[in-house]
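Reading the structure
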Amino acid sequence: MVTEKELFEALASRHTIEGQKKISRASVAICGLGGLGSNVAIHLARCGVGRLHLLDFDRVDLPNINRQQYRLDQIGTPKAEALRDELRDFAPYINIVTDQVKLTPENIPELLKDDEYIVEAFDKADQKAMLCNVVLEELPEAVLIAGSGMAGYGKSNEIQTRRVSSRFYICGDGETGLEQAGTLFSPRVAICAAHQANLVIQLIMDGE
């Protein structure tokens, strides 16, 4: 079994010692553990983010398998628990907090109060808007990274990261949802998720 010290040193050899210390101190919430959220979690766990807060009320379903980081034998399992188990295979020492709960305007401030970076990874536009509005109004110290527009296939370079305000970013093409594209493929969703995870790491490393 690889020790915590050995794993830290391996990560530090790629991220620098000071960089890995910053990453190991960071706390990131991922709200929604579908195609975006499960991929973001995989990236951040591999980087050694110290605390990952996984939030989703749903369970793994068969149609999720085309783009989400779950196995067939996890169907029916709460997504937060299933993803936690996946992450433990290669990131056994990070602090993983799970909440199987539906986020609402009433519970968001309390649930996310300890998270520095909040990744919005919901499927539905009204849920996305609700989370963004509450975080920006009620959690003034948090940085919010949302996703918008990653359905379909091709057009990889149209997925971009935009800074909306000092603590609000949006990743995606900004327009292509399932209703426009008619399809939802793993590669393009994963590209958007990688933008979100990459931005989290950039903000941590740069101290923003």
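In what follows, the structure referred to is the one given above.
Below is a short write-up of the structure. (Residues numbered from 1 in each chain as written. Predicted model: local features only at pLDDT ≥ 70, side-chain atom pairs only at ≥ 80, totals over all residues. Heavy atoms only, no water.)

1. Here we look at a nonpolar patch on the surface
Taken together, the side chains of Leu62, Leu72 and Ile75 present a nonpolar region at the surface, about 300 Å² in accessible area. The class for Leu72 is exposed, based on a relative accessible area of 58%. (Patch = residues over 30% accessible without salt bridge, like charges linked within 9 Å, V, L, I, M, F, W, Y side chains within 5 Å. Areas by Shrake-Rupley, 256 points an atom, 1.4 Å probe, with all protein chains shown as cover. Salt bridge = Lys/Arg side-chain N within 4 Å of Asp/Glu carboxyl O. Buried < 20%, exposed > 50% of the residue type's maximum accessible area, 1.4 Å probe, protein only.)

2. Thoughts on the packing of aromatic side chains
Two measures describe an aromatic ring pair: the distance that separates the ring centres and the angle between the ring planes. For the structure on display, the rule yields 1 aromatic pair. Measuring from centroid to centroid gives 5.6 Å for Tyr153 and Phe185, while their planes differ by 90°, and the two rings are edge-to-face. Of this pair, Tyr153 sits in the loop between strand 5 (143–147) and strand 6 (160–165) while Phe185 sits in the loop between helix 7 (178–181) and helix 8 (186–206); the two residues are 32 residues apart in sequence, bridging distant segments of the chain. Taking relative accessible area as the criterion, Tyr153 reaches 62% and is therefore assigned exposed. Lys102 extends its terminal NZ or CZ atom over the ring of Phe57, reaching a point 5.4 Å from the ring centre. (Phe/Tyr/Trp six-rings, centres within 6.5 Å; stacked < 30°, edge-to-face > 60°. Helix = DSSP H or I, 4+ residues; strand = E, 2+ residues; numbered from the N terminus. Lys NZ or Arg CZ within 6 Å of the ring centre and 35° of its normal.)

3. Quick notes on the environment of Lys102
Secondary-structure assignment places Lys102 in the loop between strand 3 (95–99) and helix 5 (108–111). C-alpha of Lys102 to C-alpha of Ile170: the two residues are 68 residues apart in sequence and 22 Å apart in space. Dropping the residues within four chain positions of it, Lys102 is found in contact with Phe57, Asn107 and Gln127. (Contact = heavy atoms within 4.5 Å.)

4. Some details on the pairing of strand 7 (residues 168–172)
Counting buried positions along strand 7 gives 5 out of 5 residues, so the element sits mostly inside the fold. Side chains Phe168, Ile170 and Gly172 project from strand 7 onto one buried face, and the interleaved Tyr169 and Cys171 project onto a second face that is buried too. Pairing of strand 5 with strand 7, which is carried by 4 bridges, proceeds in the parallel orientation. Within the sheet, the bridge partner assigned to Gly147 lies in strand 7 and is Cys171. With 5 bridges connecting them, strand 6 and strand 7 associate as antiparallel partners. Within strand 7, the position partnered with Arg162 by the bridge is Ile170. (Pairing = 2+ DSSP bridges.)

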